Amino acid sequence: MSPKSCLGCTKCFLFLLNLFFFFLGILLLAFSFWVLFDRQSFAAVLGSPLVSLRVWSYGFSGVGIVTMLLGFLGCLGALKEVKVMLGLYFGLLLLLFTAQITVAIIVYTQRAALATKVATYAEELIRGYPAQGPPGDPHESWDAVQQQLGCCGWKRPQDWDHHDDTTTDRDRGRAIACSCLRAPNGTHKNPWMLPHGRCPTADPEDIFPRGCKESVQTWLAGNLVTVVAVCVGIGLGELSLLMLSMFLVRNLDSHYEKLLRGL
């Protein structure tokens with residue numbers, strides 16, 4: 001294959017790939033707005049707390065904007081052979097790739113400290129869970145965690161037995177969160193029908209026996225290969241785009257005004 005044909009194939013491949021990412025970013029952004037402005041419908045269908053949907057909508061918005069921006073720079077840079085755009089595309093992609101590697105290293109090296117902080121935060125949520133009235137956003141999210149994972153408390157269901165000096169005898173009878181209880185049919189097929197807040201102390205067989213710490217560890221152990229494979233696949237894809245964009249930048253004619261001619 002001649003150098004000119006190789007350069008043309010690289011341009012075409014980079015353009016099509018980034019065009020896909022551009023439209024993917026638009027879809028993610030549109031979906032995030034849909035979730036943000038119609039959270040009540042999603043909460044009714046999915047049973048997810050509103051605060052979780054709000055966080056997910058913000059996350060999808062950020063990912064969609066970044067994906068759309070990178071796709072736009074890659075598409076226009078490859079189509080018009082604009083070195084400035086391709087260089088900016090390479091720089092942003094390199095920055096994103098470096099940030100992901102840095103976060104992965106920090107999480108791996110500081111995993112013990114992070115686990116301690118997560119445990120402390122979970123225990124504080126349980127201790128601060130309101131005895132009466134609707135729970136706040138953080139407590140509602142913790143209810144969602146317990147319902148999804150089928151767990152109760154952080155280490156064990158007995159974590160909910162904590163009482164402070166202001167707890168009345170009436171509130172002691174409502175010591176456990178309703179999200180710790182199994183579904184009415186005795187299975188875990190539809191836990192989202194359970195209400196939030198505290199419920200009267202139930203029989204031990206109606207309470208999820210495992211703590212959420214064990215459930216999280218079990219989930220991570222069962223999905224570790226999938227998580228690692230997805231992360232490695234994303235990293236290799238970004239690395240491939242970095243090499244293609246740099247190859248295109250280094251082999252384009254330095255004396256051109258194609259962008260001005262195309263306007």
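To start, this report covers the structure provided alongside it. (Residues numbered from 1 in each chain as written. Predicted model: local features only at pLDDT ≥ 70, side-chain atom pairs only at ≥ 80, totals over all residues. Heavy atoms only, no water.)

## Points about the overall build of the protein
Thinking step 1. Across its full length, the protein holds 9 helices and 2 strands.
Thinking step 2. The N-to-C order of helical and strand elements in the protein reads α-α-α-α-α-α-α-β-β-α-α.
Thinking step 3. Within the span of the protein, comprising 263 residues, buried residues form 33% of the whole.
Thinking step 4. Looking at the protein alone, contacts between residues at least 24 apart form 70% of all its contacts between residues at least 6 apart. (Helix = DSSP H or I, 4+ residues; strand = E, 2+ residues; numbered from the N terminus. Buried < 20%, exposed > 50% of the residue type's maximum accessible area, 1.4 Å probe, protein only. Contact = heavy atoms within 4.5 Å.)

## Focus on helix 6 (residues 137-149)
Thinking step 1. Along its 13 residues, helix 6 runs 18 Å from first to last C-alpha, staying within 8% of the 18 Å computed at 1.5 Å per residue.
Thinking step 2. Buried within helix 6 are the following residues: His139, Glu140, Trp142, Asp143, Ala144, Gln146 and Gln147.
Thinking step 3. The first or second residue beyond helix 6 is glycine 150, which carries a positive phi of 65°. (Expected span 1.5 Å × (residues − 1).)

## Notes on the packing of helix 4 (residues 83-109) against helix 8 (residues 212-251)
Thinking step 1. Orientation of helix 4 relative to helix 8, taken along the N-to-C sense of each, is 155°, at an axis distance of 9 Å. In terms of orientation, helix 4 and helix 8 fall into the roughly antiparallel class. Crossing geometry of helix 4 relative to helix 8 is assigned as left-handed. Contacts between helix 4 and helix 8 pair Lys83, Leu86, Gly87, Tyr89, Phe90, Leu93, Leu94, Leu96, Phe97 and Gln100 from the former with Ile234, Gly235, Glu238, Leu239, Leu241, Leu242, Ser245, Met246, Leu248 and Val249 from the latter. (Axes fitted to C-alpha atoms, helices over the stretch in contact; angles between N-to-C directions. Parallel < 35°, antiparallel > 145°, perpendicular 65-115°, else oblique. Left-handed = near helix turned anticlockwise from the far one by under 90°.)

## Digging into the layout of surface pockets
Over the atoms rolls a probe the size of a water molecule, and its path tells where empty space is left.
Thinking step 1. Space inside the largest pocket adds up to approximately 1,200 Å³.
Thinking step 2. Lining the largest pocket are 29 residues, with Val107, Tyr108, Leu220, Leu224 and Val227 sitting closest to its centre.
Thinking step 3. Going through the elements one at a time, helix 4, helix 5 (111-127) and helix 8 are the ones with two or more residues in the lining of the largest pocket.
Thinking step 4. Ranked by residue count, the leading element in the lining of the largest pocket is helix 8, at 16 residues.
Thinking step 5. The residue makeup of the lining of the largest pocket, split by class, is 23 nonpolar, 3 polar and 3 charged. (1 Å grid on protein atoms, 1.4 Å probe; cavity = no way out; pocket = protein on both sides within 12 Å on 5 of 7 lines; lining within 4 Å. Points joined across faces, edges and corners; volume = space filled by probe spheres on them. Nonpolar A, V, L, I, M, F, W, Y, C, P; charged D, E, K, R; others polar.)

## Focus: the pattern of salt bridges
Thinking step 1. Scanning all chains against the criterion turns up 2 salt bridges.
Thinking step 2. Across the pair lysine 11 and glutamate 81 runs a salt bridge, and its minimum N-O distance is 2.4 Å. Residue lysine 11 is located in helix 1 (residues 3-37), and its partner glutamate 81 is located in the loop between helix 3 (50-80) and helix 4; the two are separated by 70 residues in the primary sequence. The pair formed by lysine 11 and glutamate 81 is uniform in burial state, with each residue classed as buried.
Thinking step 3. The shortest N-O distance in the salt bridge between aspartate 159 and arginine 156 comes to 4.0 Å.
Thinking step 4. Residue aspartate 159 is classed as buried on the basis of its relative accessible area, which comes to 19%.
Thinking step 5. Classification of arginine 156 by relative accessible area gives partly exposed; the value is 43%. (Salt bridge = Lys/Arg side-chain N within 4 Å of Asp/Glu carboxyl O.)

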